[in-house]
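# Examination of the molecular architecture
Listed below are the residues making up each chain.
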Amino acid sequence: MALKACRVCNFLTEERKCPMCGSEDLSLKWKGVVIISDSERSVIAKTMNIAKNGKYAISVE
Ligand SMILES: [Zn+2]
């Protein structure tokens, strides 16, 4: 199954619905992957407004 990115929170998932924020607005067109393993201290997580650990797309179309 193709990995889709959530347009709301950028979370990457294979589900029909984003498990992170519950949005069904998912896109197959996304670029770049960022893995957040320490959302508390990660500068990238802060910049991207990510509060939870996981795999995210850098940009979603
Ligand atoms: Zn989401």
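This text follows the structure it describes.
Let us look at the structure shown here. (Residues numbered from 1 in each chain as written. Predicted model: local features only at pLDDT ≥ 70, side-chain atom pairs only at ≥ 80, totals over all residues. Heavy atoms only, no water.)

### So, the coordination of the zinc ion
All of the protein donors around the zinc ion are C6 (SG), C9 (SG), C18 (SG) and C21 (SG); their distances to the metal are 2.2 to 2.4 Å. If you look at the zinc ion, its four donor atoms make angles of 104 to 117° with each other, and the shape they trace is tetrahedral. One chain supplies every donor to the zinc ion, and in sequence these donors are spaced C-x2-C-x8-C-x2-C. Of the two residues, C6 sits in strand β1 (residues 4-6) while C21 sits in the loop between β2 (12-13) and β3 (26-27), which places them 15 residues apart along the sequence. What makes C6 buried here is its relative accessible area of 0%. (Donors = N, O, S within 2.8 Å, 3.2 Å for Na, K, Ca; no water. Tetrahedral: all angles 85-135°; square planar, octahedral: opposite > 155°, others 65-115°. Helix = DSSP H or I, 4+ residues; strand = E, 2+ residues; numbered from the N terminus. Buried < 20%, exposed > 50% of the residue type's maximum accessible area, 1.4 Å probe, protein only.)

### A short note on unusual backbone geometry
The backbone of N10 sits at a positive phi, close to 70°, despite the residue not being glycine. Looking at where N10 falls in the secondary structure, it is placed in the loop between β1 and β2.

### Overview of the packing of aromatic side chains
Considering all chains together, one arrives at one aromatic pair under this definition. Pairing F11 with Y56 gives two aromatic rings, centres 5.4 Å apart and planes at 80°, and the pair type is edge-to-face. Of this pair, F11 sits in the loop between β1 and β2 while Y56 sits in strand β5 (residues 54-60), and the two are 45 residues apart along the sequence. Each member of the pair, F11 together with Y56, is buried. (Phe/Tyr/Trp six-rings, centres within 6.5 Å; stacked < 30°, edge-to-face > 60°.)

### A closer look at the pattern of salt bridges
Under the definition given, this model contains two salt bridges. The partner of D25 in a salt bridge is R7, with the nearest N and O atoms 2.7 Å apart. Of the two residues, D25 sits in the loop between β2 and β3 while R7 sits in the loop between β1 and β2, which places them 18 residues apart along the sequence. Judged by its relative accessible area of 40%, R7 is partly exposed. Note that R41 is salt-bridged to D38, the shortest N-O span being 3.2 Å. Residue D38 is classed as partly exposed on the basis of its relative accessible area, which comes to 28%. (Salt bridge = Lys/Arg side-chain N within 4 Å of Asp/Glu carboxyl O.)

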